[in-house]
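# Structure at a glance
Each chain, letter by letter, is given below.
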Amino acid sequence: MDVTYTILIPLIPLAVFLLLGIFSQKIKPAVSGIIGVAGLSTSALLSFYTAYQYFFVHGKVDGVYQAIVLKTTWMNFTDTLKIDMGVLIDPISVMMLIVVSTVSLMVHIYSRGYMKGDDGYTRFFAFLSLFSFSMFGLVLATNLFQIYIFWELVGVSSFLLIGYYYTKPSAVSAAKKAFIVTRFADLGFLIGILIIGFYTGTFDFETLNAVNPEGEGLLLNWASTSFMGLSVITWALILMFMGGAGKSAMFPLHIWLPDAMEGPTPVSALIHAATMVVAGVYLVARLFPMFYFVEDGYALNVVAYVGAFSSLFAAIIAITQTDIKRVLAFSTMSQIGYMMLALGVSKYEGHDGLGYMASMFHLFTHAMFKALLFLGAGSVIHAVHSNYLKDMGGLRKYMPITNITFLIAALAIAGFPLTSGFFSKDEILVAAFEHNKLIYFSGVLVAGLTAFYMFRLYFGIFWGKDTQYKHAPHESPLSMTLPLMLLAFISLFGGFIPFSKYISADRAGFEAHLNYPLAAVAVSVGLIGIALAWVFYKKENNLADKFSNAFGVFYKWTYHKFYIDEVYLFVTKKIIFNLIAAPIARFDKKYVDGTMEGIGNKTVVISNKIKGMQSGKVQDYAFGFVAGVVVLAMVFIYLWTN
């Protein structure tokens, strides 16, 4: 299979970014939107063509999907350690091409209507194209260093998009917060990469993942060197997961995620649906054989428990938030936790690798319905000019398309039968039930909480109280509703894709079947969540206030996100800045700078006193010369005579 053309998939958005960025003052806004959509459409068509060729024509050999690599050496360190640049085509990279290109294209089309009239319209489309280029490069990377380069480019792109409204202080703060928090996480990622390179002599994914089902192969040669009771490779994997946890907003590196809502709503859809936040999940999936086989999957257990806790933690917080975009942000954190825990409980071969398949399946379905939720929220915000539930209600009468599409997305994320989320979430719960009962029960609880807070959101926006609006809301234009309808279609029927035939840890595929008893449990819990939301929020009443008052302190803590941000601020401002940095700064200023300044000042004083010696008068120099000769002569005569 010739994959040379796939290099165009990331390069086209890069060309669009350069064109719109360099000529942003000369290109008319309408034209820049068309250029952005045209560029992404081309990349999307190439992505779909690649998927067709790989999954249905050339990809499978002897029952196993092959990895197709096209690369060239970029930098040599040693005979074996080098950095390549190229493309890696395998089941998960092709799947991610579909996800990224589809959601990015929908966001581009949607943005033509949402951002209409904005002063930075062309700049916005340039940043979107840069983000798309970075994500395409990340998913096609052939080695750890290449993925790290694009990983950081994704970080830069998100910084630019979150802080798009750069005259708004809260947006600037949110952009800096996202950038700084993920940089701390990425430090761990970089250290992990360097450890892997030092001990294994390679960064290449295919070499690193080259193991047979018995766990024999190159990995055994690396796992012997230990540090603090674990092999250095296990530590490297945990450090790299730290980078993934930062990018995917896992606890405790999640604090940037709610603030990222300061960017335009299409940005929220792009970051929280298919791109930035799933990069951590993709990283673990890309290195899954290493996570699974090294030291009996110790690092994979860390992934499982961090994912499970983050999922539950975020779901609890989402129940109390009143900004609709922040509810969706914590929902994203919760669903990414689902994907992480699925990877964490997975094994490698055949049906035992159900968790791996379920994680990738949920990544695919979640990308579609979460993009739909964010774009639907944007449509609502566009109509009522507010992010808060208190300013909404009864919008189904004014916005029928947004109402129906948002309902479909809410049903999908709640795991309602036959929607896409039902199939992918069920597979995750089955995998968890088979391998870790504690994580399974946590996942079931999260399923109920998810259904409750999503329908709290839906009823609060489209039903609830009949709000009297100063200006009657109206349905969004076709440029915004068309992506909603397309994503709603995928959210409804995407679950019928036989995902397990195409995506599995061992690339061989397997037959996955619906586990009816476990599915019934998950559906029942979800329906209970929906029913409770119906009782509390479908019609205006004071039940929610009564319950929030009954929970008292716990409700307050949940509403304030368990004060994690305040803890970070206390540690940084009170401890690091005041108790550590301030004394060091005083010592530096008083003693280090004082010493240097003292030396300089004394030099100036001495030079002022002796500068008369350099008068420029010949007679003074002659006198000095003669005086010197006389003094030297007297000294030599004295020494000679004695």
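Described in the following lines is the structure provided in the data block. (Residues numbered from 1 in each chain as written. Predicted model: local features only at pLDDT ≥ 70, side-chain atom pairs only at ≥ 80, totals over all residues. Heavy atoms only, no water.)

Turning next to empty space enclosed by the protein. Rolled over the atoms, a probe with the dimensions of a water molecule shows which regions are left empty. All told, the structure shown has two cavities of 30 Å³ or more when counted by the stated rule. For the lining of the largest cavity, the secondary structure elements donating two or more residues are α18 (420-435) and α22 (516-537). Here the lining of the largest cavity gets four residues from one element, more than from any other, and that element is α18. Residue composition of the lining of the largest cavity, by class: six nonpolar, one polar and two charged. Each pocket or cavity is described by its volume, and for the second largest cavity that value is around 30 Å³. Forming the walls of the second largest cavity are Ala414, Gly415, Phe416, Pro417, Val523, Gly526, Leu527 and Ile530. Classifying every residue of the lining of the second largest cavity gives six nonpolar, two polar and no charged. (1 Å grid on protein atoms, 1.4 Å probe; cavity = no way out; pocket = protein on both sides within 12 Å on 5 of 7 lines; lining within 4 Å. Points joined across faces, edges and corners; volume = space filled by probe spheres on them. Helix = DSSP H or I, 4+ residues; strand = E, 2+ residues; numbered from the N terminus. Nonpolar A, V, L, I, M, F, W, Y, C, P; charged D, E, K, R; others polar.)

Let us now look at the packing of α22 against helix α23 (residues 543-551). Close contact between α22 and α23 brings their axes to 8 Å; oriented N to C, the two are set at 110°. Taken together, the axes of α22 and α23 are roughly perpendicular relative to one another. Here α22 contributes Val535, Phe536 and Tyr537 to the contact with α23, which in turn contributes Leu543, Ala544 and Phe547. Of the residues assigned to the contact of α22 with α23, the class counts are six nonpolar, no polar and no charged. (Axes fitted to C-alpha atoms, helices over the stretch in contact; angles between N-to-C directions. Parallel < 35°, antiparallel > 145°, perpendicular 65-115°, else oblique. Contact = heavy atoms within 4.5 Å.)

The next subject is helix α15 (residues 324-344). Its 21 residues give α15 an end-to-end C-alpha distance of 30 Å, which sits within 8% of 30 Å, the value for a rise of 1.5 Å per residue. Of all 21 residues making up α15, 21 are buried, and the element is well covered by its neighbours. Regarding α15, its N-cap is Asp323, as a side-chain oxygen of that residue lies 2.9 Å from the backbone nitrogen of Lys325 further along. (Expected span 1.5 Å × (residues − 1). Buried < 20%, exposed > 50% of the residue type's maximum accessible area, 1.4 Å probe, protein only. Polar contact = N/O pair within 3.5 Å; in protein donor to acceptor, adjacent residues only side chain to side chain.)

Each pocket or cavity is described by its volume, and for the largest pocket that value is around 1000 Å³. Along its surface, the largest pocket is lined by 33 residues, and Ile319, Phe452, Arg456, Tyr537 and Ala544 are the ones closest to its centre. Secondary structure elements with two or more residues in the lining of the largest pocket: α19 (437-462), α22, α23 and α24 (553-559). With seven residues, the top contributor of residues to the lining of the largest pocket is α19. Residues that form the lining of the largest pocket fall into these classes: 18 nonpolar, nine polar and six charged. Considering only enclosed or pocket space, the second largest pocket measures out at about 590 Å³ in volume. Contributions of two or more residues to the lining of the second largest pocket are made by α6 (169-200) and α25 (564-610). Looking at the lining of the second largest pocket, the element that brings in the most residues is α6, giving eight residues. Its residues assigned to classes, the lining of the second largest pocket comprises nine nonpolar, three polar and five charged.

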